[in-house]
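Residue-level structural notes
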Amino acid sequence: MDIIVVSHQRGRTWRLRLDVRHVFGWLPFVLIGGLLLSSSFAVGYWTRGGSSVLPPRLVASWAREVEQQRAALGKARETAEENDAALSRRLAELQAQVLRLDAAGQRMTEIAGLEQGEFNFSEPPPIGGPELASASPEPAFNPVLQSLTKFERQLTDRERQFRVLEDLLVASRLQKEVRPTGWPVENGWISSLFGVRTDPFTGHLTRHEGIDFAAPIGTDVDAVASGMVTWAGPSTGYGNLVEINHGNGYSTRYGHNSAVLVHVGDKVTRGQVVAHVGSTGRSTGPHVHFEVLYNGEPVDPQRYIQAAR
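Parameters at a glance
Every chain is numbered on its own, with residues counted from 1 as its sequence reads. Confidence filtering applies because this is a predicted model: local features only for residues at pLDDT of at least 70, side-chain atom pairs given and counted only at 80 or more, and all residues used for totals across whole chains, interfaces and linings. Hydrogen atoms and water are omitted, and side-chain values are computed over all heavy atoms in the structure. A run of H or I in DSSP counts as a helix once it spans at least four residues, and a run of E counts as a strand once it spans at least two, with each numbered from the N terminus. Between buried and exposed lies partly exposed: a residue is buried under 20% and exposed over 50% of the maximum accessible area for its type, with that area taken using a 1.4 Å probe on protein chains only. Contact between two residues is taken to exist if any of their heavy atoms lie within 4.5 Å; hydrogens are not considered. Values of accessible area rely on a 1.4 Å probe in the Shrake-Rupley scheme; residue burial ignores everything except the protein chains shown. To qualify as a nonpolar core, a set must consist of buried Ala, Val, Leu, Ile, Met, Phe, Trp, Tyr and Cys residues joined through side-chain atoms within 4.5 Å. Note on aromatic contacts: the rings of Phe and Tyr and the six-membered ring of Trp form a pair at centre separations within 6.5 Å, being stacked when their planes are under 30 degrees apart, edge-to-face when over 60 apart, and tilted otherwise. To count toward a patch, a residue needs a relative accessible area over 30% and no salt bridge; like charges are then connected within 9 Å, while nonpolar side chains (Val, Leu, Ile, Met, Phe, Trp, Tyr) are connected within 5 Å. Any carboxyl oxygen of Asp or Glu within 4 Å of a side-chain nitrogen of Lys or Arg constitutes a salt bridge here. Charge convention: Lys and Arg are scored as positive, Asp and Glu as negative, and His as well as the terminal groups of each chain are ignored. To locate a charge, the coordinates of NZ of Lys, CZ of Arg, CG of Asp or CD of Glu are taken. The pairing criterion for strands is at least two bridges between them, as found by DSSP. N or O atoms closer than or at 3.5 Å make up a polar contact, with two conditions inside protein: a donor-capable atom paired with an acceptor-capable one, and, for residues adjacent in sequence, both atoms drawn from side chains.

The next point concerns the overall build of the protein. Looking only at helices and strands, the protein features 4 helices and 14 strands. Residue burial in the protein is summarised as follows: out of 309 residues, 25% are buried. The contacts of the protein with a sequence gap of at least 6 include a subset with a gap of at least 24, amounting to 61%. As presented, the protein carries roughly 21600 Å² of accessible surface, and 58% of it is formed by carbon and sulfur atoms.

Here you go:
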């Protein structure tokens, strides 16, 4: 079949032959045109109903996502406010602890008998040194972080001061433990003092390098300070003698004992029974001859025995 197209203006004709071969040749172009028309119709359908450039479903999806983000932001803000309140409470607790530490440190300073102002727990300890490069960058400006850093430094300062004060207290306590103080017998009386006296055996004036405490035989003889036993046994003139080295140049002797209860090398504490009163050696009756030596030289025990009275 043929189709003849006639143009009256140009006076020409065109013949289109419609056979099977020509129909299949034009079919792809027809399909492409149909697809283009369908796409245009679909776009017009989805964008109908208003002047919006974006599809309503897409706009609604974005709106829901914005609401979800807003809710998440509100929850995060609420959590941050709760954390800030908890942190503020913690800072208040730290401040109270620092105040208690200051009060305790001041009390310990008074107990230790230190001079006024030697340990001021309300101020950081005096320190110094050349300025070196910082090992870590300074924290960003944040009032909360600055408060935490301040309290951390205060606690570090207090810890350092407490350690020094503890060392002083320990040293003071040890010094008191090893310094001869008190009587070597609990019940007794002084029968002879330190210094020049008439010798009971010769009648001549001689030097007496200790104090004699008369007491019933078998009475406990106590160490007047802590230390280490350096002699425990017979000694010329002393009878059964106990000698204790207390350190810091001090040592004590306890003579004329009826029994010795310690051995050389033993560690003894203040008030420990080291012997029993007797009358061994050069003695006229039961008593304990008590000597205090400082750097090897006998000194008057009077001020040491009176220190505990």
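The structure having been displayed, the exposition proceeds.
Core analysis: the biggest nonpolar cluster contains 22 residues, and Ile244, Tyr254 and Val274 have the highest contact counts within it. Once residues lying within four places of it in the same chain are set aside, the contact partners of Ile244 are Ala223, Gly227, Met228, Val229, Thr230, Tyr250, Ser251, Thr252, Tyr254, Val268 and Val274.

Before going further, it helps to examine the packing of aromatic side chains. To describe a pair of aromatic rings, one takes the distance between the centres and the angle between the planes. Taken as a whole and judged by the stated rule, the model has 5 aromatic pairs. For the pair Trp183 and Phe213, a centre-to-centre distance of 4.8 Å together with 55° between the ring planes defines the contact as tilted. Of this pair, Trp183 sits in the loop between helix H3 (143-178) and strand E3 (189-192) while Phe213 sits in strand E6 (residues 211-214), placing them 30 residues apart in sequence. Relative accessible area serves as the criterion here: at 0%, Phe213 is assigned to the buried category. Pairing Tyr254 with Phe290 gives two aromatic rings, centres 5.6 Å apart and planes at 40°, and the pair type is tilted. Placement of the pair is Tyr254 in strand E10 (residues 250-260) and Phe290 in strand E13 (residues 287-294), with a sequence separation of 36 residues.

Moving on to a negative patch on the surface. Taken together, Glu78, Glu81, Glu82 and Asp84 make up a surface patch of like negative charges. Looking at where Glu82 falls in the secondary structure, it is placed in helix H2 (residues 56-112).

With that settled, the discussion passes to the pairing of E6. Side-chain alternation along E6 places Ile211 and Phe213 on one buried face and Asp212 and Ala214 on a second face that is also buried. In the sheet, E3 pairs with E6 via 3 bridges, with the strands oriented antiparallel. The partner of Ser192 across the bridge, within E6, is Asp212. Of the strand pairs in this sheet, E6 and E13 are connected by 4 bridges, and their pairing is antiparallel. Among the inter-strand pairings, Ile211 is bridged to a residue of E13, identified as Phe290.

Moving on, we come to the pattern of salt bridges. Oppositely charged side chains can pair when the atoms bearing their charge come close. Taken as a whole, this structure holds 4 salt bridges when the rule is applied. Across the pair Asp199 and Arg282 runs a salt bridge, and its minimum N-O distance is 3.0 Å. Of the two residues, Asp199 is situated in the loop between strand E4 (195-198) and strand E5 (205-208) and Arg282 in the loop between strand E12 (273-277) and E13; the sequence distance between them amounts to 83 residues. Classification of Asp199 as buried rests on a relative accessible area of 7%. One salt bridge connects Arg253 with Glu291, and the closest N-O pair in it is separated by 3.3 Å. Of this pair, Arg253 sits in strand E10 while Glu291 sits in strand E13; the two residues are 38 residues apart in sequence, bridging distant segments of the chain.

Another aspect to go through is the side chain of Asp199. Here the side chain of Asp199 touches Phe201 through a polar contact of 2.8 Å, landing on its backbone nitrogen. For Asp199, the contacting residues outside a window of four places in its chain are His204, Thr206 and Arg282.

Attention shifts here to the environment of Gly249. Within the secondary structure layout, Gly249 lies in the loop between strand E9 (239-247) and E10. Look at Gly249 and you get partly exposed, because its relative accessible area is 29%. Taking C-alpha positions, Gly249 is 9.6 Å from Glu297, a pair spaced 48 residues apart along the chain. In this view, Gly249 contacts Leu293, Tyr294, Asn295 and Gly296; residues no more than four positions away in its chain are not counted.

Even without glycine at this site, Asn248 takes up a positive phi of about 55°. Examined against the element boundaries, Asn248 turns out to sit in the loop between E9 and E10. Classification of Asn248 as exposed rests on a relative accessible area of 58%. Unusually for a residue other than glycine, His256 sits at a positive phi of about 70°. With respect to the element layout, His256 can be found in strand E10. Classification of His256 as buried rests on a relative accessible area of 5%.

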